[in-house]
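# Chains, contacts and geometry: an overview
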Amino acid sequence: MTDALAKARRVVVKVGSSLLVDADRGTLRAAWLDALVDDIAALRKDGKEVLVVSSGAIALGRRILGLKAKSLRLEESQAAAAAGQIRLSAAWQDALARHDLKTAQLLLTLGDTESRRHYLNARETVHTLLRLGVVPVVNENDTVATAEIRFGDNDRLAARVSQMISADCLILLSDIDGLYSADPGIDPQATFFPVVERITPQIEAMAGVSRSGLGRGGMVTKLVAAKIAVGAGCAMVIANGKIAHPVQAIRRPGARCTWFLAETTPAASRKQWIAGHLNPQGALSVDAGAVKALRQGRSLLPAGVTAVEGRFQRGDPVRVLDPAGAEIAVGLSAYADEDARRIIGHKSGDIAEILGYGGRDEMIHRDDLVLR
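Read on for a plain summary of the structure.

What counts and how
- Numbering of residues begins from 1 in every chain and follows the order in which that chain's sequence is written.
- Local features in this predicted model are restricted to residues whose pLDDT is 70 or higher, and side-chain atom pairs enter the listing and the counts only when it is 80 or higher, whereas totals over whole chains, interfaces and linings include all residues.
- Here the side-chain values reflect all heavy atoms present in the structure, with hydrogen atoms and water set aside.
- Only protein atoms enter the 1 Å grid used here, on which a cavity is any set of points holding a 1.4 Å probe that cannot leave and a pocket is any open set flanked by protein within 12 Å on both sides along at least five of seven lines; residues with an atom within 4 Å of a point are listed as lining.
- Grid points are joined across faces, edges and corners, and a volume is the space filled by probe spheres set on the points.
- Runs of E in the DSSP output that reach at least two residues are strands. Runs of H or I that reach at least four are helices, and both are numbered from the N terminus.
- Residues are grouped as follows: Ala, Val, Leu, Ile, Met, Phe, Trp, Tyr, Cys and Pro are nonpolar; Asp, Glu, Lys and Arg are charged; all remaining types, including Gly, are polar.
- Each axis is a line fitted through C-alpha atoms, taken for helices only over the stretch in contact, and angles between the N-to-C directions span 0 to 180 degrees.
- Orientation is classified from the angle alone, with under 35 degrees giving roughly parallel, over 145 giving roughly antiparallel, 65 to 115 giving roughly perpendicular, and any other angle giving oblique.
- By the definition used in this description, the sense in which the near helix is turned from the far one sets the handedness, with an anticlockwise turn below a right angle giving left-handed and a clockwise turn giving right-handed.
- Note on contacts: a residue pair is in contact if any heavy atoms of the two residues lie within 4.5 Å.
- Here, nonpolar core means buried Ala, Val, Leu, Ile, Met, Phe, Trp, Tyr and Cys residues that are tied together by side-chain atoms lying within 4.5 Å of each other.
- Burial here depends on accessible area, computed with a 1.4 Å probe over protein chains only, as a share of the maximum for the residue type. Under 20% is buried, over 50% is exposed, and the range in between is partly exposed.
- Only strands that DSSP links by at least two bridges are regarded as paired with each other.
- The term polar contact refers here to a pair of N or O atoms within 3.5 Å; inside protein, the definition further demands a hydrogen-donor-capable atom paired with an acceptor-capable atom, and it admits residues adjacent in sequence only when both atoms are side-chain atoms.
- Aromatic rings from Phe, Tyr and Trp, with only the six-membered ring used for Trp, were paired whenever their centres fell within 6.5 Å, and each pair was classed as stacked if the ring planes differed by under 30 degrees, edge-to-face if by over 60, and tilted otherwise.
- Two limits define a charge over a ring: the Lys NZ or Arg CZ must be within 6 Å of the ring centre, and within 35 degrees of the ring normal.
- For this analysis, a salt bridge means a side-chain nitrogen from Lys or Arg found within 4 Å of a carboxyl oxygen belonging to Asp or Glu.

The tally for this structure, following the rule as stated, stands at 1 cavity of 30 Å³ or more. Taken as a whole, the largest cavity spans an internal volume of roughly 40 Å³. What lines the largest cavity is simply Ala-57, Ala-81, Gln-85, Leu-107, Asn-139, Glu-140, Asn-141, Asp-142 and Thr-143. Elements supplying a minimum of two residues to the lining of the largest cavity: helix H5 (74-97) and strand E4 (135-140). Of the residues contributing to the lining of the largest cavity, the split by class is 3 nonpolar, 4 polar and 2 charged.

Turning our attention to the packing of helix H3 (residues 30-45) against H5. Two elements in contact, H3 and H5, have axes separated by 9 Å at closest approach and are oriented at 55°. One finds that H3 runs oblique with respect to H5. Crossing of H3 over H5 shows right-handed handedness. Of the residues in H5, those in contact with Leu-33, Asp-34, Leu-36, Val-37 and Ile-40 of H3 are Ala-91, Trp-92, Ala-95 and Leu-96.

Let's shift gears to the layout of surface pockets. In this model, the second largest pocket occupies a volume close to 600 Å³. Surrounding the second largest pocket, 21 residues form its lining, Arg-10, His-127, Arg-360, His-365 and Asp-367 being those nearest its centre. Those elements giving two or more residues to the lining of the second largest pocket turn out to be helix H6 (116-131) and helix H12 (266-276). If you tally residues by element for the lining of the second largest pocket, the top one is H6, at 5 residues. Here the residues of the lining of the second largest pocket are counted per class, giving 3 nonpolar, 4 polar and 14 charged.

Right, let's get into the nonpolar core. Formed by 44 residues in total, the largest nonpolar core has its most connected members in Leu-51, Val-138, Ile-165, Leu-170, Met-236 and Phe-260. Those elements that provide at least two residues to this core are strand E2 (49-54), strand E3 (103-108), H6, helix H8 (154-164), strand E5 (169-174), strand E6 (179-180), helix H10 (219-231) and strand E9 (235-240). The greatest single-element share of this core, amounting to 7 residues, is contributed by H10. Here Val-138 is in contact with Leu-51, Val-52, Val-53, Ser-54, Leu-106, Leu-108, Leu-157 and Val-161, once residues within four sequence places are set aside.

Turning our attention to the sheet that holds strand E1 (residues 10-15). Here 8 strands make up an open sheet; going across it, the order is E3-E4-E2-E1-E5-E9-E10-E8 and the pairing mixed. Sheet topology places E3 and strand E8 (195-196) at the edges, where each strand pairs with a single neighbour. Of the strand pairs in this sheet, E9 and strand E10 (residues 257-260) are connected by 4 bridges, and their pairing is antiparallel. The residue bridging Ala-239 from the neighbouring strand is Cys-257, located in E10. On top of the sheet, H6 reaches E1, E2, E3 and E4; it is set at about 165° to E3, its chief contact. Against the sheet, H10 makes contact with E5, E9 and E10, and its axis sits at roughly 155° relative to E9, the strand it touches most.

So, about the side chain of Ser-54. Tracing the sequence through the fold places Ser-54 in strand E2. Its relative accessible area of 0% is what places Ser-54 among the buried residues. Of the polar contacts made by the side chain of Ser-54, one reaches the side chain of Trp-92; its length is 3.0 Å. Discounting residues that sit within four places of it in the chain, Ser-54 has contacts with Val-15, Leu-20, Leu-88, Trp-92, Val-137, Val-138, Asn-139 and Asn-154.

With that settled, the discussion passes to H8. The element H8 is extensively covered by neighbouring structure, given that 9 of its 11 residues are classed as buried. Within H8 the residues assigned to the buried category are Asn-154, Asp-155, Leu-157, Ala-158, Ala-159, Arg-160, Val-161, Ser-162 and Met-164. Looking one or two residues beyond H8, the residue adopting positive phi is Ser-166, at roughly 55°.

Looking now at the environment of Ala-158. Mapped onto the elements of the fold, Ala-158 is located in helix H8. Non-local contacts of Ala-158, meaning those with residues more than four positions away in its chain, are made with Val-12, Lys-14, Val-53, Leu-170 and Leu-172.

Pairing is mixed in the open sheet, where 5 strands are placed in the order E12-E11-E13-E14-E15. Lying at the two open borders of the sheet, with one neighbouring strand each, are strand E12 (305-310) and strand E15 (369-371). In this sheet, neighbouring strand axes are inclined to one another by 20° on average, regardless of whether the strands run parallel or antiparallel. Direction of pairing for strand E11 (residues 282-286) relative to strand E13 (residues 317-321): parallel, over a ladder of 4 bridges. Within E13, the position partnered with Leu-284 by the bridge is Val-320.

A few words now on the packing of aromatic side chains. Enumeration over the complete set of coordinates arrives at 1 aromatic pair. Across from the ring centre of Phe-192, 4.0 Å away, lies the NZ or CZ of Arg-256, which sits over that ring.

In this section: the pattern of salt bridges. A complete count under the given rule lists 24 salt bridges for this structure. Arg-98 is the partner of Asp-34 in a salt bridge, and the nearest nitrogen-oxygen pair spans 3.4 Å. Placement of the pair is Asp-34 in helix H3 and Arg-98 in the loop between H5 and E3, with a sequence separation of 64 residues. Here Asp-34 falls in the partly exposed class, since its relative accessible area comes to 27%. Close ionic contact of Arg-342 with Asp-339 constitutes a salt bridge, the shortest N to O distance being 3.8 Å. In this pair, Arg-342 and Asp-339 are both assigned in helix H14 (residues 337-343), 3 residues apart and thus about one turn of the helix distant. Judged by its relative accessible area of 43%, Arg-342 is partly exposed. Connected via shared salt-bridge partners are Arg-123, Glu-124, Arg-270, Arg-360, Glu-362 and Asp-368.

Taken by themselves, the reported measurements are silent on function.
This is the structure in structure tokens:
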């Protein structure tokens, strides 16, 4: 299963609070973080894009603000997150800088991955950062989240982010080395599962709850994350993060961890979603040249569009019609209908002058288009 990571082009690494923060002192485990960043740098040298989902802001902020109660009130958790996020971001920036790697911080809630406008903005931001060689560090926006702070978890957020950016592999670093039939801390005879081909009700029944004093997740949340990830064509692995160089350990043949297999690729999964789960909001008529380009696997450019029908927003599904009016494809429009009408028939280089801002070169990118 190390092939899943070896072949991955885009990797998401999720780090939990119990790994990043010393539970007794409430301080950052700097040496462990440096070792993990060494692993991230090795992935980058192998040509992989890497995004990190990191917990730890509340755990660090508790100590900064002197909040010693075992259970914090909501407003105290939000205050701790606000104070701790600065420390957390600086730690990642300093650690990555040792390898001349740049980083950027993104604060998201699960709602941001469900709102179409927020989703599109976040996706384009991450894609741009990755294209520029940056290692984005994502954390839940605990300073404004309410239900998420009480019940949320970064396992699920990491899976949603993996889905959003079409990642090939999600690594969940945990205080346990994989999936067992029961909690191995309670039942020493628990069976270990190195590979899960399908998440059945029997598999879900094996999940327990978190025994960590810092993290909010458990095996239940990891299985929820696995269902989201593999459904998006992203393989997922649960691995022991307590050791130094945890990602390096996963890459060794025979590594002890649990892999959840994806039945398809991120691109194929996205195409299936576009083809089968969307109700087109409008239509774009195209010329013969555009039809030929689309058949060759290219994107739809504004120059090839002859007419726009309907009302739709950026990211909405639209039909693509050939000169005879027959539907030849469906895809997600990069422009709302009003802007689309203004740029049809024009070259991509003219878009900024026409609209007053620099949008995408494509009306529909080939990754967002399915031929009929």
